[in-house]
Amino acid sequence: TKPDAHRAQLEQELETAMIRLNRDPPDIYFKRKKTGGIKFNNMVPLTKMGATPGDTVYRVLQEYRIHNCEVVFRGDYAIDDLIDVIEGNRKYVKCLYCYNKIDAVTMEEVQVLAAQPNSIVVSCHLNLNMDRLGGRLWG
């Protein structure tokens, strides 16, 4: 539907602008060192990094010309999360999707939109759900 396409486009644009919506920063310890080579450790099995996660991490670090560092994965994360930690310039923010003009669509469409995570439906014209919107924003 049209709102889904707009939402996906906005999320993609923000992802490109280094803003991560409704996600926590990855729990990956990363510290550059002067000597000692690359030390890699993981606290949990890494299922999103391929068959050999250690080799994958080494290749990513070589791409960034990092030859001495310590990396510890405290969760199951993907390569993109490691890159986010290495670059260190990503922002993780919470987002609330607000769908207006619910008085102009059917009740079934309103229920579908309201059931989506981090979403709220309102009608400014009829003043519907405005108090709940204020509570979600400031509460």
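All of the points below concern the structure found in this document. (Residues numbered from 1 in each chain as written. Predicted model: local features only at pLDDT ≥ 70, side-chain atom pairs only at ≥ 80, totals over all residues. Heavy atoms only, no water.)

**Notes on the nonpolar core**
F30, L61, C69, V71, F73, L82 and I86 are the most contacted members of the largest nonpolar core, which has 16 residues in total. For this core, the elements supplying multiple residues, two or more each, are β2 (28-32), α2 (53-63), β4 (69-73) and α3 (79-87). In contact with V71, other than residues within four places in its own chain, are I28, Y29, F30, K39, F40, N41, L61 and L82. L21, I102, V110 and L113 belong to the second-largest nonpolar core, a separate cluster that totals seven residues. (Core = buried A, V, L, I, M, F, W, Y, C linked by side-chain atoms within 4.5 Å. Buried < 20%, exposed > 50% of the residue type's maximum accessible area, 1.4 Å probe, protein only. Helix = DSSP H or I, 4+ residues; strand = E, 2+ residues; numbered from the N terminus. Contact = heavy atoms within 4.5 Å.)

**Description of the packing of aromatic side chains**
Counting across every chain of the model gives one aromatic pair. The side chain of R7 reaches across the aromatic face of Y97, ending 3.6 Å from its centre. (Phe/Tyr/Trp six-rings, centres within 6.5 Å; stacked < 30°, edge-to-face > 60°. Lys NZ or Arg CZ within 6 Å of the ring centre and 35° of its normal.)

**Points about the pattern of salt bridges**
One pass over the full model with this rule turns up 10 salt bridges. A salt bridge links R23 to D84, with the nearest nitrogen and oxygen atoms 4.0 Å apart. Of the two residues, R23 sits in the loop between β1 (19-21) and β2 while D84 sits in helix α3, which places them 61 residues apart along the sequence. On the basis of relative accessibility, which here comes to 34%, the residue R23 falls in the partly exposed class. A relative accessible area of 6% places D84 in the buried class. The residue R90 makes a salt bridge to E87 at a minimum N-O spacing of 2.7 Å. Within the structure, one salt-bridge network assembled from shared partners comprises E15, R20, R23, D81, D84, E87 and R90. (Salt bridge = Lys/Arg side-chain N within 4 Å of Asp/Glu carboxyl O.)

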